[in-house]
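Listed here are the chains, written in short residue letters.
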Amino acid sequence: MATTSPTAGRSASVGARVNEFAIKLANVNGTGSASTNNLLMQTIFRMGIPVSGKNLFPSNIQGLPTWYEVRVSASGHTARTASFDLMVAMNGQTYAQDITEVSPGGYLLFDDSWPLDPSLLREDVTFLGVPLARLCAERFATVKERILMKNVATAGVLVALLGLPVEEVSAQLTAAYSRRPQLLDDNQAALRLGYEHAVRHFDCPLPFHVERLGAPEGRVLIDGNTAVALAAVYAGATVGAWYPITPATSVMENFGRLCAQYRRHPGADGKVHQDYLILQAEDELAALGIVVGASWAGARAFTSTSGPGLSLMQELLGLAYYTEVPVVLVDVQRAGPSTGMPTRVQQADILSAAFASHGDTRHILLFPADPRECFDFTVRAFDLADRFQTPVLLMSDLDVGMNDWEVPELTWDDAYRPDRGRLLGREQLEALEHFWRYGDPDPEGVTSRAVPGQTAAAGHMVRGSGHDLHATYTENPAEYQEVVDRLLHKHRSAAAHLPPPVVERRPGAEVGVITLGSCDLAVREALELLPGPGLSYLRVTGYPFPEEVHRFIAEHRFCYVVEQNRDAQLRSLLQIETGAPGDKLRPRLSYGGLPITAAQVLEQIASRTED
Amino acid sequence: MATTSPTAGRSASVGARVNEFAIKLANVNGTGSASTNNLLMQTIFRMGIPVSGKNLFPSNIQGLPTWYEVRVSASGHTARTASFDLMVAMNGQTYAQDITEVSPGGYLLFDDSWPLDPSLLREDVTFLGVPLARLCAERFATVKERILMKNVATAGVLVALLGLPVEEVSAQLTAAYSRRPQLLDDNQAALRLGYEHAVRHFDCPLPFHVERLGAPEGRVLIDGNTAVALAAVYAGATVGAWYPITPATSVMENFGRLCAQYRRHPGADGKVHQDYLILQAEDELAALGIVVGASWAGARAFTSTSGPGLSLMQELLGLAYYTEVPVVLVDVQRAGPSTGMPTRVQQADILSAAFASHGDTRHILLFPADPRECFDFTVRAFDLADRFQTPVLLMSDLDVGMNDWEVPELTWDDAYRPDRGRLLGREQLEALEHFWRYGDPDPEGVTSRAVPGQTAAAGHMVRGSGHDLHATYTENPAEYQEVVDRLLHKHRSAAAHLPPPVVERRPGAEVGVITLGSCDLAVREALELLPGPGLSYLRVTGYPFPEEVHRFIAEHRFCYVVEQNRDAQLRSLLQIETGAPGDKLRPRLSYGGLPITAAQVLEQIASRTED
Amino acid sequence: MPSITKPQIPLLPLARNQLGLTLRDYAGTMSTLCAGCGHDSVTAAITEALWGLSFPPEQVAKLSGIGCSSKTPQYFDSAAVGFNSVHGRMAAVASGAAAANRGLVMVGVSGDGDSLSIGLGNLAHAIRRNVRMLYVIANNGVYGLTKGQFSASADVGSRSRRGEPNLLPPVDPMLLGLSLGGTFLARGFSGDKAQLVPILKAGLGHRGFALVDVISPCVQFNDHEGSTKSFRYVREHELQDIEADVIPVRDQIQGEQRPGSVTEVELHDGSHVRFREVPEGYDPRDRAAVGSYLVESARRGEIATGLLYLDEQTVDMHELNLTPDEALWDLPFERLCPGADQLASFQAKLR
Amino acid sequence: MPSITKPQIPLLPLARNQLGLTLRDYAGTMSTLCAGCGHDSVTAAITEALWGLSFPPEQVAKLSGIGCSSKTPQYFDSAAVGFNSVHGRMAAVASGAAAANRGLVMVGVSGDGDSLSIGLGNLAHAIRRNVRMLYVIANNGVYGLTKGQFSASADVGSRSRRGEPNLLPPVDPMLLGLSLGGTFLARGFSGDKAQLVPILKAGLGHRGFALVDVISPCVQFNDHEGSTKSFRYVREHELQDIEADVIPVRDQIQGEQRPGSVTEVELHDGSHVRFREVPEGYDPRDRAAVGSYLVESARRGEIATGLLYLDEQTVDMHELNLTPDEALWDLPFERLCPGADQLASFQAKLR
Ligand SMILES: Cc1ncc(C[n+]2csc(CCOP(=O)(O)OP(=O)(O)O)c2C)c(N)n1
Ligand SMILES: Cc1ncc(C[n+]2csc(CCOP(=O)(O)OP(=O)(O)O)c2C)c(N)n1
Ligand code: SF4
Ligand code: SF4
Ligand SMILES: [Mg+2]
Ligand SMILES: [Mg+2]
């Protein structure tokens, strides 16, 4: 990944731009800056202005650099950008790097309690010094208070600089700390401290700032992992098993919190009962083992993990595939290989997920592009897993999963009932002439399923070893093949049931762009900025690929395939499945670990249209 | 896979054919039939006639059906065949199936101590009844003797029927049991019993039989797992770690036996020392962990496993890839998915091996076609792993690994010295200006390596997390990418160092056949039998694919890709790597678990040339 | 014909249990293990225990990993649904099944390789979770199915068929279980059904994880001189300490009476376990003493058998997690899904 | 500036060891752990132990898994080559490194999550193999790096930051190690360097697997009221039983003298370990008694610290496998390769 040119994707100089700008806050982790970040995001969001926040945090708990990027875009371009109109440079360790990311004509806010190293100044940047540490030291007694309140004071400065409604911000603080009066006082005081200092010393607001557009009607700020957890509650999952791993941890932690909220009922005995069971397993093998066992016994069950966990789950994924046990696995992808960068994003588990496990194995994948799709696709994942009696992997990523995204409100149809597929109840089983676990397939290759504990006639024993229609062990080629051929047919049949790909054809476009997941916004922004007749767009939402994907590729002279990994994994899968030649699918890759920007997409497409 | 038509690949009726026929022995496992099988194979082999033996055994220890197939072919066609001139039907459980596999005009040998169910007779087959059980009951006292000796008596019958030199067979028994006179007597008696009965009652030899061609000069009968183990000894591996799994178990068991033979030396203390250390690990994760640790500390180390183990090794393979630690992993493939059919063959771990582990990870693979290549490629695997500081996976399979193959004698060049690549010794390290573990790459992207325990200047800490040139943790995109980009370059550079693919171009051939590993003989036989101008042939021997593979595909209008898996895994890898469109690479698949036959290849190619 | 006669599970065709079922109703398909394999006796004992406790055959869930031992669930209770999973993961799979449906009678069968090498971590944590199930280790000191490598329970000095000695100290599942807070630890011998069946019954009645180590000789690879898990060796060295007879409240089952003092413990399901303690004062509820006892008897080269440790105080996974009495998998969807209105209110906070 | 001041390893710049090196020569890079993290004290103690035993800094091999604790090998002995491997597999990777080069001073640092949950099986079997190494568990009862979930060593009733109680019984690595035939089991507290450094030295001198459990509080997620692994809790409940001072033959190191009876044990490297036993008659070589003692002290809510168990009779992995004295990795190729003639004779049998 080349460093992004500061001009691409944004206007070159910072004029008086209302509701179109980006700021970045550089901090040290563990010092309480997160609340400030949220305060800003929330306020802007509530003014009805499209906004996004990207949290770039280290794989460490305290003391290392952390950044928060806020992009405000009335035109709806809320993909990550890499050049900033205002840098809030609160971390000395990264100052030299941070200053380079300010757009020409932009601003840098720093703490002038200490002098700035003059070698770090830039001619084309306006430096705004505020003696934040000194102000806080004067106002607050303890070191801890000073560290925490400096963040709020900084927020106060930004409220003034960006034209945010200070009363609303103040009201938010009041709401947040209503039960802790001392903390509330401190917060309010710190906010004023920063705010008033800024108003006194600077021309507020800056040329770029916000102006209210309305209320965020029908929109919410939510992260993907929360959305997944909500979906698991709504889809009726009762068993969750997991092993902590960044950036997937909050999926199951949120599921637990939501279940505690919605699934605690008083039992017949008067005690509170919990209509769910979450097991923090000893490792990822056990986590998936538990899910397989629970699903086999009839529950909707799921696990969440990230790359290293996915690697550890390979054997059990193969088991679930071959025994035809539903599994929902949420893979919140991070940068690999190996432990890689646990707090950075990539979409690099695609091949590993599609073909997870040795032998001829293939799985259904879903690729959500934002938290709303995380919600919808997770519900869908449970239905697909049940219907096709097979693992379904929701391929989320750190950007979607852990950052707050502004999306249309999640909706729910109370008429929804789980599609449990061919899972037979006791009565159905008793009515059967015979029960063959892997016999009598429906046209899509699905056979009927019985869980333990029902009726003697349904007795059988599933196994990961070679088996025939009755689930009996076999080494007979024909009996063995009958089952694995059906598995392939079943897998292909699933394509028609996946969420349809998102397609936007430009009239006359000879060239297309194919992408997936969290690349969506950046690619769309890039396409708008691209000169000329424009490119058609297709966002893949799942694997196996529906017919529409094949058609799109066939229709275009060639397609760029934009994805966030080094090895062109989506492109590889497209090659295998569609048979398209390599020169029809041109990889455009971004894999530095930070969410992809329109500038990166543009640069790659614009500079190498020939190949 | 359609069932093989009995005529394809063999002449329709059984005439007087010398040194061109196939027989099959049906038995029950655990009854001692293996020694008979070996006796027959060995004798034919020593007569200088090309011969192959396929052991089809169940995943069980005692009491289930087991078969042994012997194919004799003066013309060198020793791939498995599925139609037999003589069936030795010693297992009542499988009789009904066995009778169907006899070629029209063929023979069936059975034990007529009991009457045969007349419904199982076939008009076009000659039935040879020998009262084996009765003969043995008369001659031997204990049940155990009777069971065992019945096998030898059967061998005696076959010696007569097939025209084998009875004195040579007898001499073999003498050599084998020289230290156990009672057993020897029994064996000789049983051999005579069967032999003489046959000579008395049948026209011996049968129309198809053997005639000596000479001595097996320069050829040996050996299985692939033994060859791999020998190579590990010869390449200087000192640490082996493994977890038992069929069909890989005998790799490490043989390594242990060979080391005990060649690597026990008296130490300075007068005690016997073992210049090797084999650890039977608690699981495959530990086995590979041990190999990674041993290699990191400088030893040539390796592990052997099969599919399920490969799945469990995914995470550590990614670690070795990213930390650039050499690993030699022998994957003796069996039929999947999941536990699959542990005693049946497939080539279905290709994708799982090539992209083993989450994130952007890819490995070097080698595909041996026979035990001799197992030997050569394993030595090469150690050199490649050291040179490219990365895992190398030898993709053997059950057919190559566990069956005896007749191959040219293994050869060894005493001038061979391990290519340890850029592994620096103490002096080299001390002479360095600086040691950067991942800096200063050579043109192929390889950097210098230091093992622990050498010199303070080389101190560093490798890690599976994001790192820079110094092996220091980083989350910086540019630093991170510098390393992973080099890894990709390194991987590609390895292509030129792999064993060259085996290519036979037919003049004017527009169509090619691409295959790999143990498909070799069957495909070659099929190509000879194919009418018309003929097809060019390429056998892939490794991944990443050398230039020649790309060229071959480009040169032909299209290629069939013949492999033993359901999902066209080699074809998929070829698509990804060469960019060839789907219709240029036409999958021809065989995956019932028995070694592929020429008839299967022919049928597939002949019946569907259009697609 | 040369085919091997397979051991059949001995049937008592006339005896009927409380459900009116005979042993045959709890039978599985024919075993494909080696003639004389100890595992077949374990199968027979499990069959008898299930029948004896009058569980509806279809209420049972059978689970296993991979190995000769792990094949055996196929050989009992064909009316049940079973899962022959992957090597070493049965404890995890069983935990999930138990989570989904607490009404199942969970029977897991594993081997020493399956449980003590590849599966050790997962077994350890299933013990900690106190998943309610009977977990049988058919322990032969070898990997039978892969042809006789030493397992982690092979004793030091034990010799393989090829004559190589085992070098590593054995893992004793009882000591291991004790160190991990196991709540039911018992050991039997496949050759002593009179002792084994009551132990299995007690395990099936235990409200928690019942770990039963059954010494089950491999006639193929570990039943020769030099092996410490052979029939002869076990017969000579077995130290029959404590016995447990389960007496379901529905019907008193009389076990063989043997001399010795008796401690009676009530299980949570209302049935009673009686210990006949050979050592004076042996208390299966005294963790520290049980540990010393196991260490000491191992040091004497003896195998302590019987119900060795019992803790009926610790609650099982479901009680711990306050799940309802119903099976989770079968809860009505209406009770699980908060509905559109709740989703709207939840999102009100996200604005 | 708002950056956090990191704890530095306290240096004694003037003191020199037998190689003439100062503590600084055994230092690593600056820690990035939280200010006040117990793990930094563990690092300091390891640094001091290595220095004190005068190992050449480059002779050390540092290994770890994944977690805050597993980051620490970076923070000592920069002259060594280290391997920060993957979660839970350090015991296996270390086994391999030790196999390849028996001359290395092997130091592994892991966490309770790394060792007792995901890595439990592999740790157990490294203990069985008796790989010669120092294996430190920096034990804080939580998963620090993933932000505070309970680990397998969290005590029952211990509360997370959010106030949720831990429900499962803790795994005590000492009891676990004992049940698996561990040969060196010791426990210290990161806050008591006077006791910890001698324990680590003893472990480094042990000819076998030295498992050292160090209670090392997480100031971020497990140092609040309700946690049983907090500084305050440990200080109040620690039961300092036995102490070990390593006295290398080259130079007598004086530990703090405390009252109590002394048992002197000679280690294989010729150094001596002395135990000051608080309980009358405590014998660290009596496996059964140690077990009861650990169970009993845990029952009293006390943490037994010190050198708790020692077995110097069992040989280590290399001795067991009869490997030569030289490092395997460095054996001359000529000694390893049988040569062309042998290959020909071998094949003579294949004809
Ligand atoms: C992941 C994996 N590794 C290895 C194997 C091969 N394997 C099958 S059974 C077995 C050992 C079985 O030993 P044990 O559990 O003691 O059962 P037994 O056969 O002795 O009853 C092994 C290693 C496998 N099936 N899966
Ligand atoms: C396979 C895998 N699963 C999960 C993780 C995420 N992870 C990183 S550290 C950690 C736990 C660390 O706990 P512990 O070993 O106790 O170390 P501490 O941070 O408390 O020192 C986990 C679960 C991972 N890196 N790899
Ligand atoms: S090999 Fe051993 S364990 Fe397996 S079936 Fe035969 S006797 Fe039983
Ligand atoms: S989170 Fe806890 S364990 Fe991790 S560095 Fe901070 S204090 Fe230490
Ligand atoms: Mg076993
Ligand atoms: Mg911890």
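So, a few notes on the structure that sits alongside this text. (Residues numbered from 1 in each chain as written. Chains lettered and ligands numbered in written order. Predicted model: local features only at pLDDT ≥ 70, side-chain atom pairs only at ≥ 80, totals over all residues. Heavy atoms only, no water.)

## Here's the deal with the overall build of chain C
Point 1. Secondary structure assignment for chain C yields 12 helices and 13 strands.
Point 2. Residue pairs in contact within chain C that sit at least 24 positions apart in sequence constitute 71% of those at least 6 positions apart.
Point 3. Of the roughly 11300 Å² that chain C leaves accessible, carbon and sulfur atoms contribute 52%. (Helix = DSSP H or I, 4+ residues; strand = E, 2+ residues; numbered from the N terminus. Contact = heavy atoms within 4.5 Å. Areas by Shrake-Rupley, 256 points an atom, 1.4 Å probe, with all protein chains shown as cover.)

## Examining the overall build of chain A
Point 1. Along chain A, the regular secondary structure elements total 20 helices and 23 strands.
Point 2. Expressed as lengths along the three principal axes of its C-alpha atoms, the size of chain A is roughly 85 × 70 × 40 Å.
Point 3. For chain A, the residues scored as buried account for 68% of the 611 residues in total.
Point 4. For chain A, the proportion of contacts with a sequence separation of at least 24, taken over those separated by at least 6, is 73%.
Point 5. Accessible area of chain A: about 18400 Å², with a carbon and sulfur share of 53%. (Buried < 20%, exposed > 50% of the residue type's maximum accessible area, 1.4 Å probe, protein only.)

## Some words on the site of ligand 4
Point 1. Near ligand 4, the surroundings consist of A:Ile61, D:Leu33, D:Cys34, D:Cys37, D:His39, D:Cys68, D:Asn140, D:Cys218, D:Val219, D:Gln220 and D:Phe221.
Point 2. Of the chains in the model, those with residues near ligand 4 are chains A and D.
Point 3. Classifying every residue of the shell around ligand 4 gives eight nonpolar, three polar and no charged. (Near = heavy atom within 4 Å. Nonpolar A, V, L, I, M, F, W, Y, C, P; charged D, E, K, R; others polar.)

## Section: the side chain of A:Gln188
All names here are of chain A.
Point 1. Following the sequence through the fold, Gln 188 ends up in helix α6 (residues 181-201).
Point 2. Overall, the relative accessible area of 16% leaves Gln 188 in the buried class.
Point 3. From its side chain, Gln 188 meets the backbone oxygen of Ser 170 in a polar contact 3.0 Å long.
Point 4. With residues near it in sequence (within four places) discarded, Gln 188 still touches Ser 170, Leu 173 and Thr 174. (Polar contact = N/O pair within 3.5 Å; in protein donor to acceptor, adjacent residues only side chain to side chain.)

## A closer look at the relation of the copies chain B and chain A
Point 1. Least-squares fitting of chain B to chain A yields an RMSD of 0.1 Å, with the superposition described by an axial translation of 0.0 Å and a rotation of 180 degrees. The superposition of one copy onto the other is thereby described by a two-fold rotation axis. By C-alpha distance to the rotation axis, the residue of chain B lying nearest is B:Pro581, at 2.0 Å.
Point 2. Looking at the interface residues of chain B, 100% of them are also at the interface in chain A, so both copies use one shared face. (Least-squares fit on C-alpha atoms with pLDDT ≥ 70 in both.)

## A few points about empty space enclosed by the protein
Point 1. Within this model, the largest cavity holds a volume of roughly 150 Å³.
Point 2. Forming the walls of the largest cavity are 16 residues, and the residues nearest its centre are C:Leu175, C:Gly291, D:Leu175, D:Leu178 and D:Gly291.
Point 3. The set of elements that each furnish at least two residues to the lining of the largest cavity consists of α6 (173-179) and α9 (287-299) of chain C together with α6 (173-179) and α9 (287-299) of chain D. (1 Å grid on protein atoms, 1.4 Å probe; cavity = no way out; pocket = protein on both sides within 12 Å on 5 of 7 lines; lining within 4 Å. Points joined across faces, edges and corners; volume = space filled by probe spheres on them.)

## A word on the interface of chain D and chain A
Point 1. Each side of the interface is counted separately: chain D has 29 residues, and chain A has 30 residues.
Point 2. Each partner contributes to the roughly 2100 Å² buried at the junction of chain D and chain A, and carbon and sulfur atoms together form 58% of this total.
Point 3. Linking chain D with chain A are nine residue pairs in polar contact (both at pLDDT 80 or more).
Point 4. Those elements giving two or more residues to the side of chain D that touches chain A turn out to be α2 (68-71) and β6 (149-150) of chain D.
Point 5. Class assignment of the residues belonging to the side of chain D that touches chain A gives a composition of 14 nonpolar, 10 polar and five charged. (Buried area = accessible area lost by both parts, 1.4 Å probe.)

## Considering the coordination of the magnesium ion (ligand 6)
Residue and element names in this part refer to chain D.
Point 1. Every protein donor of the magnesium ion (ligand 6) is accounted for by Asp 112 (OD), Asn 140 (OD1) and Val 142 (O), and the metal-donor separations fall at 2.0 to 2.1 Å.
Point 2. Read in sequence order, the donor residues for the magnesium ion (ligand 6) give the motif D-x27-N-x1-V. Each of the two residues, Asn 140 as well as Val 142, counts as buried. (Donors = N, O, S within 2.8 Å, 3.2 Å for Na, K, Ca; no water.)

## Some words on the sheet that holds strand β11 (residues 277-280) of chain A
Residues and elements named next belong to chain A.
Point 1. Spatially, the seven strands line up as an open sheet ordered β11-β8-β12-β13-β15-β14-β21, and their pairing is mixed. At either margin of the open sheet sits one strand with a lone partner, and together these are β11 and β21 (542-543).
Point 2. The pairing of strand β13 (residues 327-333) with strand β15 (residues 391-397) spans seven bridges and is classified as parallel. Considered in β15, the bridge of Leu 329 is made with Leu 393.
Point 3. The strands that helix α9 (residues 284-296) touches are β8 (239-242), β11, β12 (301-305) and β13; relative to β12, the one it contacts most, it runs at about 160 degrees. (Pairing = 2+ DSSP bridges. Axes fitted to C-alpha atoms, helices over the stretch in contact; angles between N-to-C directions.)

## Points about the coordination of the magnesium ion (ligand 5)
Working reference: metal with six octahedral donors, ideal angles 90 or 180 degrees; metal with four tetrahedral donors, ideal angle 109.5 degrees.
Point 1. On the protein side, the magnesium ion (ligand 5) has C:Asp112 (OD), C:Asn140 (OD1) and C:Val142 (O) as donor atoms, found 2.0 to 2.2 Å from it.
Point 2. Look at where the donors of the magnesium ion (ligand 5) fall in the sequence and you get D-x27-N-x1-V.

## Structural notes on the environment of B:Ala297
Point 1. Summarising the element assignment, B:Ala297 is placed in the loop between α9 (284-296) and β12 (301-305).
Point 2. Owing to a relative accessible area of 0%, B:Ala297 belongs among the buried residues under this scheme.
Point 3. Once the C-alpha coordinates of B:Ala297 and B:His470 are considered, the two residues, 173 residues apart in sequence, prove to be 18 Å apart.
Point 4. Discounting residues that sit within four places of it in the chain, B:Ala297 has contacts with B:Val451, B:Pro452, D:Ala97, D:Ala100, D:Leu104 and D:Trp329.

## What to know about the site of ligand 2
Point 1. Surrounding ligand 2, one finds 24 residues, the nearest of these being A:Glu284, D:His39, D:Ser69, D:Asp112 and D:Gly144.
Point 2. Residues near ligand 2 are shared among chains A, B and D, making this a multi-chain site.
Point 3. Taking A:Glu284, its side chain carries an N or O atom lying 2.5 Å from a nitrogen atom of ligand 2.
Point 4. Here D:Asn140 contributes a side-chain N or O atom positioned 3.0 Å from an oxygen atom of ligand 2.
Point 5. When ligand 2 sits alone it has 590 Å² of accessible area, and the protein chains cover 98% of it.
Point 6. Looking at the shell around ligand 2, the elements with two or more residues in it are α10 (307-312) of chain A together with α2, α4 (112-116) and β5 (142-143) of chain D.
Point 7. No other element matches α4(D), which puts three residues into the shell around ligand 2.
Point 8. Of the residues in the shell around ligand 2, the class split is 11 nonpolar, nine polar and four charged.

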